[in-house]
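Each chain is listed here by its residues.
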Amino acid sequence: MESSLNIPFLIDTFWVALSGVPVALLVTVVAMAIAVPIGFFLALTRINKIPVLNQIAKVYVSFVRGTPIIIQIFVLYSFIPIFLNSIFTKYNIDYPIYDIHPIWYAFIIFSFNTAAVLIEVFRSALGTVDRGQLEAAHSVGLTTKQAYVRIIIPQALVSALPNLTTATVNLIKATSLGYAISLQEITLKAKVEANLGYNYLEAYIDIFIVYLIICIAVEQLFKWWEKRLSRYKMASA
């Protein structure tokens with residue numbers, strides 16, 4: 001076995017791994033788009049202690065926190081087709097369940113995981129906004145919805161941004177587990193390429209570099225966004 005790295009393979013496979021970036025980013029964007037409203041809504045149920053929904057949110061967060069995401073992937077990837085098949089069979093719907101593209105499962109699985117994380121992110125962020133501001137908004141004629149959109153959410157978003165950045169970066173990294181459901185993302189593409197000559201070390205280095213580049217870029221994007229929102233810090237102060 002050669003002890004040195006196969007540099008030509010390392011370079012070639014880097015571009016192969018890079019070709020999986022659009023899929024990883026698509027899963028990240030769609031999962032966040034689904035998880036943000038769900039997480040925010042359930043965070044409100046936790047803060048206002050709404051019966052039943054508050055308990056469901058607690059169990060949901062505990063389940064996601066207490067189980068590895070790879071197990072969640074295997075469980076949901078196995079459960080969803082069985083569940084859909086039973087529904088389609090009951091209503092005589094003719095559809096090839098087992099031919100569904102893995103990316104649709106990825107959307108569901110990563111949204112499910114991320115929403116639970118965002119519940120706690122938004123709950124802690126909303127807790128930093130003085131409740132008196134909602135009462136003051138009501139006193140000047142604003143509805144609760146208007147108060148949240150114009151006053152509370154902008155301030156809470158500033159507080160949530162660091163944790164939101166972390167959640168987004170963790171989600172991007174978690175997409176590397178998409179190989180478990182045959183999702184053609186960064187990790188699977190590089191590993192398939194490595195199978196030809198057993199150059200796994202080079203493939204893993206490429207995966208490492210690609211994810212590092214993406215995560216640094218996303219962190220810089222969030223830093224720029226935080227600067228744009230800095231005026232709310234001044235306003236709240």
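Predicted model only: the values in this text are computed from it and were never measured.

Novice: So what's going on with the overall build of the protein? Which residues, and what values?
Specialist: For the protein, the count of helices and strands is 10 helices and 0 strands. Secondary structure of the protein in N-to-C order comes out as α-α-α-α-α-α-α-α-α-α. With the C-alpha coordinates aligned to their principal axes, the bounding extent of the protein is approximately 75 × 50 × 30 Å. The buried share among the 237 residues of the protein stands at 41%. For the protein, the exposed area adds up to about 13800 Å²; of that, 66% sits on carbon and sulfur atoms.

Novice: Outline the UniProt feature "transmembrane region" (unreviewed entry) in the protein, supporting the account with residue identities and numerical values.
Specialist: As annotated by UniProt and renumbered to match this structure, "transmembrane region" (unreviewed entry) occupies residues 14-42, 63-84, 104-126, 147-165 and 203-222. With 100% helix and 0% strand, residues 203-222 has its two end C-alpha atoms placed 29 Å apart.

Novice: Could you give an account of the side chain of T175, naming the residues involved and the relevant values?
Specialist: Looking at the element boundaries, T175 is found in the loop between α7 (144-174) and α8 (186-195). The residues touching T175, leaving out its near neighbours within four places in the chain, are A24, V27, T28, F110, E185 and Y211.

Novice: Explain the environment of L118 to me, using residue names and the numbers behind them.
Specialist: Relative to the helices and strands, L118 resides in helix α5 (residues 102-126). L118 sits in the buried class, given a relative accessible area of 0%. Counting along the chain gives 112 residues from L118 to S230, while the straight-line C-alpha distance between them is 21 Å. Excluding anything up to four places from it in sequence, L118 contacts M32, A35, V36, G39, L164 and A167.

Novice: Would you mind going over the confidence of the model for the protein in detail, with residue names and values included?
Specialist: A residue-level look at the protein finds 96% of positions with pLDDT of 70 or above and a mean pLDDT of 91. For the protein, per-element mean pLDDT is lowest for helix α10 (residues 230-236), which scores 58, and highest for helix α2 (residues 21-47), which scores 96.

Novice: An account of helix α9 (residues 200-228) is needed here, citing residue identities and associated values.
Specialist: Residues spaced three or four apart along an α-helix point in a common direction, a consequence of the helix completing one turn every 3.6 residues. Between its first and last C-alpha atoms α9 spans 42 Å; for 29 residues at 1.5 Å apiece the expected length is 42 Å, and the two agree. Along its buried surface, α9 packs onto α1 (7-18), α2, α7 and α8.

Novice: Please set out the UniProt feature "domain: ABC transmembrane type-1" (unreviewed entry) in the protein residue by residue, giving values where relevant.
Specialist: The UniProt feature table records "domain: ABC transmembrane type-1" (unreviewed entry) at residues 21-222. Along residues 21-222 the backbone is 79% helical and 0% strand, and the end-to-end C-alpha distance reaches 19 Å.

Novice: Describe the environment of T45, with residues and values.
Specialist: Tracing the chain through its elements places T45 in helix α2. Excluding residues that lie within four positions of it along the chain, T45 makes contacts with I50, L53, N54 and A57.

Novice: Before we move on, could you go through the packing of α7 against α9 and cite the residues and values that matter?
Specialist: The interhelical angle for the contact between α7 and α9, taken along N-to-C directions, is 165°, at an axis separation of 10 Å. By the criterion of interaxial angle, the relationship of α7 to α9 is roughly antiparallel. Of the two possible hands of crossing, α7 and α9 adopt the one that is right-handed. On α9, the residues that touch L157, L161, L164, T165, T168, V169, I172 and K173 of α7 are Y211, I214, C215, V218, E219, F222, W225 and E226. Among the residues forming the contact of α7 with α9, the class breakdown is 11 nonpolar, 2 polar and 3 charged.

Novice: Account for the packing of aromatic side chains, with residues named and values stated.
Specialist: Tallied over the entire structure, the rule returns 11 aromatic pairs. Geometrically, the ring pair formed by F88 and Y95 is edge-to-face, given 6.2 Å between the ring centres and 90° between the ring planes. With a centroid separation of 5.8 Å and 50° between ring planes, the pair formed by F222 and W225 is classed as tilted. In this pair, F222 and W225 are both assigned in helix α9, 3 residues apart and thus about one turn of the helix distant. Judged by relative accessible area, F222 falls into the buried class, the value being 11%. By way of ring pairs, the aromatic residues Y60, F63 and F112 are connected into one cluster. The positively charged end of K191 is found above the aromatic ring belonging to Y179, 4.6 Å away from the centroid.

Novice: Can you tell me about unusual backbone geometry, naming the residues and giving the values?
Specialist: One non-glycine residue, V52, adopts positive backbone phi at about 70°. Among the structural elements, V52 can be located in the loop between α2 and α3 (53-66). Given the relative accessible area of 57%, V52 is considered exposed. Phi is positive for Y198, which is not a glycine, with a value near 55°.

What counts as what
- As a convention, each chain's residues are numbered from 1 in the sequence order in which they are written.
- Given that this is a predicted model, residues contribute local features only at a pLDDT of at least 70 and side-chain atom pairs are listed and counted only at 80 or more, while totals for whole chains, interfaces and linings are drawn from all residues.
- Hydrogens and waters are ignored; side-chain quantities use all the structure's heavy atoms.
- Secondary structure follows DSSP: runs of H or I at least 4 residues long count as helices, runs of E at least 2 residues long count as strands, and numbering of each begins at the N terminus.
- Think of it in three bands: with a 1.4 Å probe and only protein chains considered, a residue is buried below 20% of the maximum accessible area for its type, exposed above 50%, and partly exposed in between.
- Surface accessibility in these figures is a Shrake-Rupley result with a 1.4 Å probe; residues are shielded only by whichever protein chains are displayed.
- UniProt positions are given in the numbering used here, feature names are shortened, and annotations may be inferred rather than shown by experiment.
- Contacts are assigned to residue pairs with any non-hydrogen atoms lying within 4.5 Å of each other.
- Per-residue confidence from the predictor is reported as pLDDT, a score between 0 and 100.
- The span you would expect from a helix comes to 1.5 Å times its residue count less one.
- Fitted lines through C-alpha atoms serve as axes, helices being fitted only where they are in contact, and the angles separating the N-to-C directions of these axes extend from 0 to 180 degrees.
- We call two directions roughly parallel when the angle between them is under 35 degrees, roughly antiparallel when it is over 145, roughly perpendicular when it lies between 65 and 115, and oblique otherwise.
- Crossing chirality is assigned from the near helix's rotation relative to the far helix, an anticlockwise turn below a right angle marking it left-handed and a clockwise turn marking it right-handed.
- All amino acids are sorted into three groups, where Ala, Val, Leu, Ile, Met, Phe, Trp, Tyr, Cys and Pro are nonpolar, Asp, Glu, Lys and Arg are charged, and the leftover types, Gly among them, are polar.
- Aromatic pairs are defined between Phe, Tyr and Trp rings, using the six-membered ring for Trp, whenever the two ring centres lie within 6.5 Å; interplanar angles under 30 degrees are classed as stacked, those over 60 as edge-to-face, and all others as tilted.
- Any Lys NZ or Arg CZ that is within 6 Å of a ring centre and within 35 degrees of that ring's normal is treated as a charge sitting over the ring.

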